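# A structural walkthrough
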Amino acid sequence: MALLGVNIDHVATIRQARQTVEPDPVWAATLAELGGADSITVHLREDRRHIQDRDLEVLRRTVQGKLNLEAAIAPAMVDIACRVRPDQVTLVPERREEITTEGGLDVTGHRAATATAVGRLHDAGIAVSLFIDPDPRQIEAAVALHVAAGELYTGEYANATPMAARHDELVRLASAATLVREARLVLNAGHGLTYRNVVPVAELDGMHELNIGHSIVSRAVLVGFTQAVREMKQLVQ
Ligand code: PXP
């Protein structure tokens, strides 16, 4: 079965809504590891909308399993990655106006810039994963860069309706997964995975790790809500 990487960005989203200290994504990472997370993922965005530089630096010292940093190929982000040295960097596309990552990195369209970022990370001894669409051309371009892993973008699968369309997207993921495995890259996947749609992706042959964030943070807010209210009620009574 697949390993679970927990993306804690949206714990930081709640904190940044008030620009205060709670909830601290560092605490969330510890709880995630206690819950069995195989790795912790954070996306340090260029606009710093959720995860902050301090979070990454503290997490580097506190995460006991694998720390996976999602970052744009921009030189300034690669500088930070080379300095902080997470266990793995997943290179992702970034557009400031997007609500969330909207697809995989266009490796074919940004071949030189991606190669430069990958080369610098490799020189710093950091394993690199490329977040890519389940598209044979992108997989081929990723393989040519000798990265360790390919993370397939599952957003189209997650958003597809009706069920027949979702099935088609799963078939597309399955054939992309075969290409990634045949190229001997570690096979990861993520984006938009939820408690309802995750199982068929986890069951794809050779799936190594799934990176899941929003759905886990959403569930955590609700399953913890009753207890949180109970504790506040005791204080105000
Ligand atoms: N993998 C990558 C590369 C991502 O950019 C994201 C979103 O930050 C995820 C996985 C997790 O997506 P979600 O929050 O929808 O589970």
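The rules behind these values
Residues numbered from 1 in each chain as written. Predicted model: local features only at pLDDT ≥ 70, side-chain atom pairs only at ≥ 80, totals over all residues. Heavy atoms only, no water. Helix = DSSP H or I, 4+ residues; strand = E, 2+ residues; numbered from the N terminus. Rg over C-alpha atoms; globule rule 2.2 N^0.38 Å. Buried < 20%, exposed > 50% of the residue type's maximum accessible area, 1.4 Å probe, protein only. Contact = heavy atoms within 4.5 Å. Areas by Shrake-Rupley, 256 points an atom, 1.4 Å probe, with all protein chains shown as cover. Lys, Arg positive; Asp, Glu negative; His and termini not counted. Charge placed at Lys NZ, Arg CZ, Asp CG, Glu CD. Near = heavy atom within 4 Å. Polar contact = N/O pair within 3.5 Å; in protein donor to acceptor, adjacent residues only side chain to side chain. Nonpolar A, V, L, I, M, F, W, Y, C, P; charged D, E, K, R; others polar.

Assigned secondary structure in the protein chain consists of 11 helices and eight strands. Against the 2.2 N^0.38 benchmark of 18 Å for 237 residues, the protein chain shows a C-alpha radius of gyration of 18 Å, consistent with a compact globule. Oriented by its inertia axes, the alpha-carbon framework of the protein chain measures out at about 65 × 45 × 35 Å. Taken across its 237 residues, the protein chain has 47% of its residues classed as buried. Within the protein chain, contacts between residues at least 6 apart in sequence are counted, and of these 64% link residues at least 24 apart. Just so you have it, the protein chain exposes about 12,200 Å², and 56% of that area is on carbon and sulfur atoms. In the protein chain, the 24 positive side-chain charges and the 31 negative ones have mean positions that sit 4 Å from each other.

Further remarks concern the environment of Leu185. With respect to the helices and strands, the residue Leu185 is situated in the loop between helix 8 (163-182) and strand 7 (186-190). Classification of Leu185 as buried rests on a relative accessible area of 10%. As for Leu185 and Val78, which are separated by 107 residues in sequence, their C-alpha atoms are 22 Å apart. Leave out the neighbours within four places in its chain, and Leu185 touches Val143, Val147, Ala148, Ala149, Gly150 and Val180.

Contacts to the ligand come from 14 residues, most closely from Glu70, Glu151, Gly192, Gly213 and His214. Separating an oxygen atom of the ligand from a side-chain N or O atom of Thr101 is a distance of 3.4 Å. Contacts to the ligand include Gly192, whose backbone N or O atom sits 2.8 Å from an oxygen atom. When the ligand sits alone it has 400 Å² of accessible area, and the protein chains cover 94% of it. Split by residue class, the shell around the ligand holds three nonpolar, eight polar and three charged.

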